[in-house]
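Listed below are the residues making up each chain.
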Amino acid sequence: MCGIVGGVAERNVVPILLEGLRRLEYRGYDSSGIALLNSTESPKKASFQIQRLRAVGKIKELDSKIQQNSFFDGNIGIAHTRWATHGVPSENNAHPHICNNEVAVVHNGIIENYHILKEAQLAEGYRFTSETDTEVVAHAVHYELKTSTSLLSAVQQAITHFEGAYALGVISPKFPDTLIAARKGSPLVIGVGIGEFFIASDVSALLPVTQNFIFLEEGDVAELTRQGVTIFNGDGEQVEREVKQSSLNMHSVELGDHRHYMHKEIFEQPQAVIDTLEGRISQEHVLPSAFGYQAESIFKEVKQVQIIACGTSYHAGLVSKYWFEDIIGLPCSVEVASEYRYRNPVVQDNTLFVTISQSGETADTLAALQQIKQVANEKNVSTLTICNVPESSLTRESDLTFLTHAGPEIGVASTKAFTTQLVALSLLVTVIGKLQKRISERRETIIVKGLQKLPGLIQSALAHEEVVKEIAKNFSDKDNALFLGRGTMYPIAMEGALKLKEISYIHAEAYPAGELKHGPLALIDENIPVIAIAPHNDLLEKLKSNLQEVKARGGQMIVFEDEQSNVGSEDGLHVVKTTTNVGRITAPITFNVPLQLLAYHVALIKGTDVDQPRNLAKSVTVE
Ligand code: G6P
């Protein structure tokens, strides 16, 4: 999704903005741009003008335009990476958008009523040079500037006309010391330096310049100058917002020796699990404080769990449904947010409404949460978010928060965030089970011991990278793949298929193995690789029969198994032991690892852009 960076400083802000854009690349984008206020100083009076450069493609395209333009510098500027929603990726549609050389704007979100605003602005005589919804913002601010005494009040007036979501950065040569930021429905943080202040879509963009941040709240408008930041809430009242120190540092988001962030993040999983468990478990128990002390009374009363999420996070939810119902006998439903929010779901009393999200900003998930909060009191519904980003919108809107400590995830295809979401969900199942006396202390201890072994299990799965790399060669000329699993391995198969399609662009589908004969068996021939996940569990014999069904039709299978599965290699059936014996909770987490590596190595062979796959975004802030 679009990324915003901006700043006002005594020094030239261009390198800071450019580095900020690079750090936001992971969000996904197709074009970028920067606008600055540049002074044309005369001995008597400095006058300012907007300078803008934009480019389609990667940041390096923008960078090379900047390099060719030796006068492109300034102390105040805004920059943007655009992920096309309205209008194709093109230089004209790239931000910043400018009106009459008096206003420059960057925007993340969607102005839903832009058609109506555009008609009115055309009637006023404004001309449009892009197909974007954002251009109406530039015109609206310009219009208000005619009667405003400050850029702040012009923006405050303009936003009263907008419906939808926005994070905005606005500058004007009429007010050359001021940068205005506004947020509603899209994320925006302020970076606090000494005599310099910045804005960005997330903290990672600004870590090279500061570790101190103000997290703007819904409806906030902020005025940034070199002297400080003044913030106003949606009612126009001046408010104080706390400055918080980020625990991240600029090296947390560096690539190190890895070729891609995705590879780095796959290999960070053992540590991510350790960090997520830290302070949440003792030797034998899950600590009562794992979900916050106020969680205890809520969890005791929960009668069912409703999980809402998107993409990979949805798959984490699906795995936990098996755990909730199988291990503690608590009903659990899981649904994708974009469906849930637009139907009329029946909300049962005493539901725990769990949102799962690596970014904490996914628009559909957030909307579903906001919707459920409207009936929360009447139905005694409590909300919990499992999220990897502190201070994100989901964490701020939920009653309870469990922060996964995966560290920043840059690769668009989620890996370590997924693994830590599963760890969080296993703790949730255990805590609720314990509080409601649905599991014994002994069972709790078995789960905790299993989780303690998890980093080692993941490590041993990672050690099979070379084997998986060899297998990946079979996919070089393939256009389709089928993933099979049963029980918790079915959502893991879904996740494996999603990873493969996201980054290698191979069409991949996942099926519960028992459902094969109801359709997908018709697809089987020697050209469609079938990947099966075969842990040693109650369903293994059933799975083996399903594999024979594939074999009988000439299918080519790759089976990932553990030390006790003994599926046995034969013609058309290539078996790889990727892990030692695993338990009910550790199995899906561990078996996911070779599937991540498989997707990664197939993508390398296919030569795709692994960390920023085409058309996809890391943080999906539009519905
Ligand atoms: C995007 C990302 C996925 C992610 C999904 C849900 O599609 O590319 O990796 O799973 O959004 O995002 P969330 O932040 O809510 O987990």
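If you're wondering where the values come from, they're calculated on a predicted model, not measured in any experiment. (Residues numbered from 1 in each chain as written. Predicted model: local features only at pLDDT ≥ 70, side-chain atom pairs only at ≥ 80, totals over all residues. Heavy atoms only, no water.)

**Points about helix H11 (residues 363-373)**
Just so we agree on the cut-off: Partly exposed residues are those whose accessible area sits between 20% and 50% of the maximum for their type, while under 20% is buried and over 50% is exposed, using a 1.4 Å probe and protein chains only. A run of H or I in DSSP counts as a helix once it spans at least four residues, and a run of E counts as a strand once it spans at least two, with each numbered from the N terminus. The contact criterion used is simple: two residues touch if any of their non-hydrogen atoms lie within 4.5 Å.
Among the eleven residues that make up H11, eight are buried, leaving the element largely enclosed by the rest of the structure. Next to the buried residues of H11 lie strand E16 (304-309), helix H10 (337-340), strand E18 (351-357), helix H12 (376-379), strand E19 (382-387) and helix H13 (393-397).

**What to know about the pattern of salt bridges**
Applied cut-off: Any carboxyl oxygen of Asp or Glu within 4 Å of a side-chain nitrogen of Lys or Arg constitutes a salt bridge here.
With the rule as written, the count across this model stands at 28 salt bridges. Arg183 is paired through a salt bridge with Glu218; the nearest N and O atoms lie 3.0 Å apart. Residue Arg183 is found in strand E8 (residues 179-184), and its partner Glu218 is found in the loop between strand E11 (212-215) and strand E12 (221-225); the two are separated by 35 residues along the sequence. For Glu218, a relative accessible area of 40% translates into the label partly exposed. Several salt bridges converge on common partners, so that one network encompasses Glu19, Arg22, Arg23, Asp63 and Glu254.

**Remarks on the site of the ligand**
The following threshold applies: Residues are labelled near a given molecule or strand when at least one of their non-hydrogen atoms is within 4 Å of it. For the purposes of these results, a polar contact is taken to be a pair of N or O atoms within 3.5 Å, where, inside protein, one atom must be able to donate a hydrogen and its partner to accept one; residues adjacent in sequence count only when each atom of the pair is a side-chain atom. In short, Shrake-Rupley with a 1.4 Å probe defines the accessible areas, and a residue's cover is counted only from the protein chains shown. By the convention adopted, Pro, Cys, Tyr, Trp, Phe, Met, Ile, Leu, Val and Ala count as nonpolar, Lys, Arg, Asp and Glu as charged, and the other residues, Gly among them, as polar.
Near the ligand there are 13 residues, and of these Ser313, Ser357, Gln358, Ser359 and Thr362 occur at the shortest range. One of the side-chain N or O atoms of Ser313 is found 2.5 Å from an oxygen atom in the ligand. Here an oxygen atom of the ligand sits 2.8 Å away from a polar atom, N or O, in the main chain of Gln358. Protein contacts shield 91% of the accessible area of the ligand, which totals 380 Å² for the unbound molecule. Counting residues per element, the shell around the ligand draws most heavily on helix H9 (residues 311-327), which supplies three residues. Here the residues of the shell around the ligand are counted per class, giving four nonpolar, eight polar and one charged.

**Topic: the packing of aromatic side chains**
For the record, the criterion: Any two rings among Phe, Tyr and Trp, with Trp reduced to its six-membered ring, count as a pair given centres within 6.5 Å; such a pair is stacked if its planes are under 30 degrees apart, edge-to-face if over 60, and tilted if neither. Working rule: Lys NZ or Arg CZ, within 6 Å of ring centre, within 35 degrees of ring normal, means a charge sits over the ring.
A complete count under the given rule lists four aromatic pairs for this structure. Between Phe162 and Tyr166, the ring centres sit 6.0 Å apart and the planes meet at 80 degrees, which makes this aromatic pair edge-to-face. An identical accessibility class is assigned to Phe162 and Tyr166; each is buried. Plain terms: the ring middles of Phe291 and Phe299 are 5.6 Å apart, the flat faces sit at 70 degrees to each other, and that makes the pair edge-to-face. As far as burial versus exposure is concerned, Phe291 and Phe299 are alike and both buried. Of note, Arg614 hangs over the ring of Tyr505, and the distance from its end group to the ring centre comes to 3.8 Å.

**Comments concerning the packing of helix H15 (residues 441-462) against helix H19 (residues 586-606)**
The following threshold applies: Geometry is summarised by axes, namely lines fitted to C-alpha atoms with helices restricted to the contacting stretch, and by angles between N-to-C directions that run from 0 to 180 degrees. Relative orientations are named as follows: roughly parallel for angles under 35 degrees, roughly antiparallel for angles over 145 degrees, roughly perpendicular for angles from 65 to 115 degrees, and oblique for any other angle. Helix crossings get a hand from a simple test, with the near helix turned counterclockwise from the far one by less than a right angle marking a left-handed crossing and a clockwise turn marking a right-handed one.
Where H15 contacts H19, the axes come no closer than 9 Å and their chain directions differ by 20 degrees. When the interaxial angle is binned, H15 and H19 end up roughly parallel. Along this stretch, H15 crosses H19, giving a crossing that reads as right-handed. Together, Gly450, Leu451, Leu454, Leu457, Ile458, Ala461 and Leu462 of H15 and Thr586, Ile589, Thr590, Val593, Pro594 and Leu597 of H19 make up the contact between the two elements. Class assignment for the residues of the contact of H15 with H19 results in ten nonpolar, three polar and no charged.

**A few points about the sheet that holds E18**
Formally: Here the rule is simple: two strands pair whenever DSSP picks up at least two bridges between them.
The parallel open sheet is built from five strands, whose spatial order is E17-E16-E18-E19-E20. Each end of this open sheet is capped by a strand with a single partner; those strands are strand E17 (332-336) and strand E20 (400-403). Neighbour-to-neighbour, the strand axes of this sheet turn through a mean angle of 20 degrees, independent of strand direction. With four bridges joining them, E19 and E20 adopt parallel strand pairing. From the neighbouring strand, Thr385 faces E20, where its bridge partner is Thr401. The strands that H9 touches are E16, E17 and E18; relative to E17, the one it contacts most, it runs at about 170 degrees.

**Points about the side chain of Lys264**
Locating Lys264 in the fold gives a position in helix H6 (residues 261-267). Polar side-chain contacts of Lys264 include one of 2.8 Å to the backbone oxygen of Glu254. With residues up to four places along the chain from it excluded, the contact list for Lys264 reads Ser252, Glu254, Leu255 and His258.

**Examining the UniProt feature "active site" (unreviewed entry) in the chain**
Note the following rule: UniProt positions are given in the numbering used here, feature names are shortened, and annotations may be inferred rather than shown by experiment. Cavities and pockets were defined on a 1 Å grid built from protein atoms only: a cavity is a group of points that admits a 1.4 Å probe but offers it no way out, a pocket is an open group of points flanked by protein on both sides within 12 Å along at least five of seven lines, and a lining residue is one with an atom within 4 Å of any such point.
Taken from the UniProt record, the annotation "active site" (unreviewed entry) applies to Cys2 and Lys618. Separation in sequence by 617 residues is not matched in space for these annotated residues, since their most distant C-alpha atoms are only 9.9 Å apart. Here the residues from the annotation list that line the largest cavity are Cys2. Structurally, Cys2 is set in the segment before strand E1 (3-8). Apart from residues no more than four positions distant in its own chain, Cys2 is found in contact with Arg27, His80, Thr81, Arg82, Trp83, His107, Asn108 and Ser201. Within the secondary structure, Lys618 is located in the segment after H19. Overall, the relative accessible area of 4% leaves Lys618 in the buried class.

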